[in-house]
Amino acid sequence: RVRSPCNEQVQEHASGGSRAAMAARLRTLLLLGLVLLAMADQEPEDEGGASVSSEESEGDDMGVKGSSEFAKTTILFPDFQDKKFVQGQFVDALCGFSNLGDKSFNITNLKGYLISPYDYSMYIQNFSEVPAYTEVKKGEEGTLMYRFLPDPALEPREYMLTLTVDYIDADKEEYQTAFFNSTIEIVESQSALDSRVLFGRFLTVCFLGILGLVGNAAYSRFMPKRRKTVDTSARSKESSQNEWLQGTFVGGQKSSSGNKKKSK
């Protein structure tokens, strides 16, 4: 069989085209694989970076600063050791601050707030920020007093109370420590209880007075009819007796005396 040069060229061209197509497909698949690997490597880093940035932004929004490991605090409520605060009465919180480090701390201010125990993002009341301007040197202790006033209109129930102290060290590093972060209870004041008792008594007296008026009105409404029926029955009885005595001496006397009274 004789092969023509044209056929050989056509076959060589076709085989070369198929090889080029296969090579192009392989290159495309390799590029796609590299792109997928690069994306898989970048996704965890992006997620980790996003979580860190969200935590940082969240911390910046809340204004939370870290607590120093060399600062130790204690808390005491002298007038409310049972942590039951009365509506509308001042509460004194004594904060014991100990400096265990080798640098002095300058206390800048104290503040506090009430939070809902069911939703920590719901702030019920923000208390005033009190400046302290107190220095606690290394190895020393100090006592700070923070006074706050629960709103008299607060509903008597449990709340989450947070009290914090802000301070800086000798290197101008800022810190914040929550020296109290627990549940407390707001109770009614004695004046509020007395007013409620008086109001209850007043309502009781009003109810009894209204009840007496209604009973008197009902008595006055039905009693005259009864008297009228008694008078009518008495008259009918007397007339029947008069009819029975008519024509007798007694009947004549009564009738004559009646005529005399009428003539008078």
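Everything numeric here is computed off the predicted structure, so don't read it as measured data. Residues take numbers from 1 onward in each chain, read along the sequence in its written order. Owing to the predicted nature of the model, reporting of local features is limited to residues with pLDDT of at least 70; listing and counting of side-chain atom pairs is limited to 80 or more, with chain, interface and lining totals taken over all residues. Side-chain measures here rest on the full set of heavy atoms in the structure, leaving out hydrogens and waters.

**Student:** Looking at this structure, how should I read the nonpolar core?
**Tutor:** Residues enter a nonpolar core if they are buried and are Ala, Val, Leu, Ile, Met, Phe, Trp, Tyr or Cys, with the set joined through side-chain atoms within 4.5 Å. Partly exposed residues are those whose accessible area sits between 20% and 50% of the maximum for their type, while under 20% is buried and over 50% is exposed, using a 1.4 Å probe and protein chains only. Among the nonpolar cores identified, the biggest contains 30 residues, and F77, F85, F148, L161 and L163 are the most heavily contacted of them. Under the scheme used here, helices are H or I runs from DSSP no shorter than 4 residues and strands are E runs no shorter than 2 residues, and both carry numbers assigned from the N terminus. Of all the elements in the fold, those that place two or more residues in this core are strand 2 (84-86), strand 3 (91-99), strand 4 (105-115), strand 6 (130-136), strand 7 (141-148), strand 8 (158-169) and strand 9 (174-187). Once you skip the residues sitting within four places of it in the chain, L163 turns out to touch F77, A93, K111, G112, Y146, F148, T177, A178, F179 and F180. Only heavy atoms matter for contacts: two residues are in contact if any of them lie within 4.5 Å across the pair.

**Student:** Is there a simple way to think about the packing of aromatic side chains in this case?
**Tutor:** Only rings of Phe, Tyr and Trp enter the pairing, Trp through its six-membered ring, and a pair is recorded when the two centres are within 6.5 Å. The plane angle decides the type: under 30 degrees is stacked, over 60 is edge-to-face, the rest tilted. Applying the stated criterion across every chain yields a total of 12 aromatic pairs. Geometrically, the ring pair formed by F85 and F148 is edge-to-face, given 6.0 Å between the ring centres and 75° between the ring planes. In this pair, F85 sits in strand 2 while F148 sits in strand 7, placing the two residues 63 residues apart along the sequence. F148 matches F85 in its accessibility class, with the two residues each being buried. Their ring planes at 75° and their centres at 5.1 Å tell us that F97 and Y167 sit as a pair that is edge-to-face. Placement of the pair is F97 in strand 3 and Y167 in strand 8, with a sequence separation of 70 residues. Note on accessibility: F97 and Y167 belong to one class, buried. Connected via pairs of aromatic rings, a cluster forms that spans F77, F80, F85, F127, Y146, F148 and F180. Over the face of the ring belonging to F90 we find R147, whose NZ or CZ atom lies 5.7 Å from the ring centre. Both a distance and an angle decide whether a charge sits over a ring: NZ of Lys or CZ of Arg must be within 6 Å of the ring centre and within 35 degrees of the ring normal.

**Student:** Could you clarify how one ought to interpret the side chain of N109 in this entry?
**Tutor:** Within the secondary structure, N109 is located in strand 4. A distance of 3.0 Å separates a polar atom in the side chain of N109 from a polar atom in the side chain of E129. If we skip the residues at most four places from it in the chain, N109 touches E129, V130, P131, A132, T164, V165 and D166. Residues adjacent in sequence count toward polar contacts only when both atoms are side-chain atoms; beyond that, a polar contact is any pair of N or O atoms within 3.5 Å, and within protein one must be able to donate a hydrogen and the other to accept it.

**Student:** Where do I start with the sheet that holds strand 1 (residues 71-76) in this structure?
**Tutor:** When DSSP finds two or more bridges between a pair of strands, those strands are recorded as paired. Spatially, 1-3-7 is the arrangement adopted by the 3 strands of the open sheet, whose pairing is antiparallel. Every interior strand has two partners, whereas the edge strands, strand 1 and strand 7, have only one. Taken pair by pair, the neighbouring strands of this sheet meet at an average axis angle of 25°, ignoring direction. To define axes, lines are fitted to C-alpha atoms, for helices over the stretch in contact only, and angles between the resulting N-to-C directions are given on a 0 to 180 degree scale.

**Student:** Could you clarify how one ought to interpret a nonpolar patch on the surface in this entry?
**Tutor:** Patch membership is restricted to residues that have no salt bridge and whose relative accessible area is over 30%. Joining uses 9 Å for like charges and 5 Å for the nonpolar side chains Val, Leu, Ile, Met, Phe, Trp and Tyr. Every accessible area reported is derived by Shrake-Rupley at a probe size of 1.4 Å, with residue values counting cover from the shown protein chains alone. Between Lys or Arg on one side and Asp or Glu on the other, a salt bridge is scored when a side-chain nitrogen of the former is within 4 Å of a carboxyl oxygen of the latter. The grouping of F207, L208 and L211 at the surface amounts to a nonpolar patch, some 340 Å² of accessible area in total. The topology assignment puts L208 in helix 2 (residues 190-245).

**Student:** Help me out: how do you make sense of the environment of L144 in this one?
**Tutor:** Assignment of secondary structure puts L144 in strand 7. In the structure, L144 is positioned 49 residues away from C95 in sequence and 5.0 Å away in space, judged by C-alpha atoms. Excluding anything up to four places from it in sequence, L144 contacts A93, L94, C95, I107, L110, T134 and V165.

These figures capture arrangement, not role.
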